[in-house]
Amino acid sequence: MGNTRILIFIWACVALLSVVKALSHEPELGSARVVFQTSYGDIEFGFYPTVAPKTVDHIFKLVRLGGYNTNHIFRVDKGFVAQVADVASGRSAPMNEEQRKEAEKTIVGEFSDVKHVRGILSMGRYEDPNSAQSSFSMLLGDAPHLDRQYAVFGKVTKGDETLRKLEEVPTRREGIFVMPTERITILSTYYYDTKMESCEEERSVLKRRLEASFVEVERQRMKCFP
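Given the structure is predicted, the values throughout are model-derived calculations rather than measurements.

Before we move on, could you go through the side chain of Ser134 and cite the residues and values that matter?
Within the secondary structure, Ser134 sits in the loop between strand E5 (120-123) and strand E6 (136-139). Reaching out from Ser134, the side chain makes a polar contact with the backbone nitrogen of Val87 at a distance of 2.8 Å. Contact partners of Ser134, with chain neighbours within four places excluded, come to His58, Ile59, Leu62, Tyr68, Ala85, Asp86, Val87, Ala88, Ala103 and Met123.

Below, the structure is given as structure tokens:
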């Protein structure tokens, strides 16, 4: 009887752990990273390609084209969102034809079960669920009312200190929007691949080991054949 109770207890613990794990499961980030260099500091983010593949492709292409350069963060609502303006209307520099063509595309609403918590990247849109273009929000707090209503496509991986600085900027309210009183410019952007960086590091380590081995072989040779 005692063994049965122990087995039931163990089974219940395993089941509970499985539920907790499922509820706390976070999608896997792809290896690409994007950095926005803003007038308040850098913000780095990664993508969830398995959650919102079309959105990820679109945003990453705009970054590669330099579409977000000279754009700005037009909305800062403390504890809620910092929102990047649409590229087509938010840039201070003119766009070339390729940038404009990509910026004006609309993306199907890739809604998922990923929760809107601090650091999450979520597409902006109009009333039409398939009207997202290039504006997106960086969550400054948990916003469960946005879940399954807006497309989550990534998260901030570095730069939380920059987000905290943004939350302290003076703001004004215009209708439903809380907006900074001064322009928060995205000065420039760049991207890199974490796998490539890992490979470079591994190659560097291997090179150092080979050089050390060569030095040791040469030392032994000189010792044997002075």
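Continuing now.
So, unusual backbone geometry: which residues are in play, and what are the values?
Phi angles above zero are rare outside glycine, and Thr70 is one such case at about 70°. With respect to the helices and strands, the residue Thr70 is situated in the loop between helix H2 (53-64) and strand E3 (72-77). Residue class for Thr70 comes out buried when judged on its relative accessible area of 18%. Although it is not a glycine, Arg148 adopts a positive phi angle of roughly 65°.

Provide a residue-level description of the pairing of strand E9 (residues 177-180), including the pertinent values.
Direction of pairing for strand E8 (residues 171-174) relative to E9: antiparallel, over a ladder of four bridges. Residue Arg173 lies in a different strand from E9, and its bridge partner there is Val178. Taken together, E8 and the strand that follows it, E9, pair antiparallel across an intervening segment of two residues, in which Gly175 is found at a positive phi of about 65°.

An account of the pattern of salt bridges is needed here, citing residue identities and associated values.
One pass over the structure, following the stated rule, counts 11 salt bridges. Between Glu102 and Lys61 there is a salt bridge; the shortest N-O distance is 3.5 Å. On the criterion of sequence distance, the pair formed by Glu102 in helix H4 (residues 97-103) and Lys61 in helix H2 is long-range, its members being 41 residues apart. The class of Glu102 is buried, set by a relative accessible area of 5%. Look at Lys61 and you get partly exposed, because its relative accessible area is 30%. A salt bridge links Arg148 to Asp113, with the nearest nitrogen and oxygen atoms 2.5 Å apart. With Arg148 in the loop between E6 and strand E7 (152-158) and Asp113 in the loop between H4 and E5, the pair connects residues that are 35 residues apart, well separated along the chain. Looking at Arg148, the relative accessible area reads 47%, which means it is partly exposed.

Outline the sheet that holds E5, supporting the account with residue identities and numerical values.
Read around the closed barrel, eight strands run E1-E2-E7-E5-E6-E4-E3-E10, paired in antiparallel fashion. On average, each strand axis in the sheet is tilted by 35° relative to the strand beside it, whichever way the strands run.

Quick one: what's the story with the packing of aromatic side chains, residue by residue and with numbers?
Applying the stated criterion to the full structure yields 11 aromatic pairs. Pairing Phe45 with Phe47 gives two aromatic rings, centres 5.8 Å apart and planes at 85°, and the pair type is edge-to-face. In this structure, Phe45 and Phe47 share a single accessibility class: buried. Relative to Phe153, the ring of Phe47 has its centre 6.3 Å away and its plane inclined at 25°; by these criteria the two rings are stacked. Linking Phe47 in strand E2 (residues 41-47) with Phe153 in strand E7, this pair joins segments that are 106 residues apart in sequence. Of the two residues, Phe47 and Phe153, neither departs from the other in class, the shared state being buried. Taken together, the ring pairs in this structure connect Phe36, Phe45, Phe47, Phe60, Tyr68, Phe136, Phe153 and Tyr191 into an aromatic cluster. Over the aromatic face of Phe60 sits the side chain of Arg64, whose NZ or CZ is 4.9 Å from the ring centroid. Just above the ring of Tyr150 sits the side chain of Arg125; from NZ or CZ to the centre is 4.5 Å.

What counts and what doesn't
All residue numbers refer to position in the chain's written sequence, counted from 1. For a predicted model such as this one, the threshold for reporting local features is a pLDDT of at least 70, and the threshold for listing and counting side-chain atom pairs is 80 or more; totals across whole chains, interfaces and linings nevertheless cover every residue. With hydrogens and water stripped out, all remaining heavy atoms of the structure feed into the side-chain values. By definition, any uninterrupted DSSP run of H or I lasting at least four residues is a helix, any uninterrupted run of E lasting at least two residues is a strand, and each is numbered from the N terminus. Pairs of N or O atoms within 3.5 Å make up the polar contacts considered here, provided that, within protein, one atom can donate a hydrogen while the other can accept it, and that residues adjacent in sequence are counted only when both atoms are side-chain atoms. Residues are treated as being in contact if the distance between any of their heavy atoms lies within 4.5 Å. A 1.4 Å probe rolled over the protein chains alone gives each residue an accessible area, and that area as a share of the maximum for its type sets the label: buried under 20%, exposed over 50%, partly exposed in between. Two strands make a pair as long as DSSP finds a minimum of two bridges between them. Put simply, a salt bridge is a Lys or Arg side-chain nitrogen that is within 4 Å of an Asp or Glu carboxyl oxygen. Every axis in this analysis is a line fitted to C-alpha atoms, fitted for helices over the stretch in contact. Angles between the N-to-C directions lie between 0 and 180 degrees. A pair of aromatic rings is counted whenever rings of Phe, Tyr or Trp (Trp by its six-membered ring) have centres within 6.5 Å, and the orientation is called stacked for planes under 30 degrees apart, edge-to-face for over 60 and tilted otherwise. Working rule: Lys NZ or Arg CZ, within 6 Å of ring centre, within 35 degrees of ring normal, means a charge sits over the ring.

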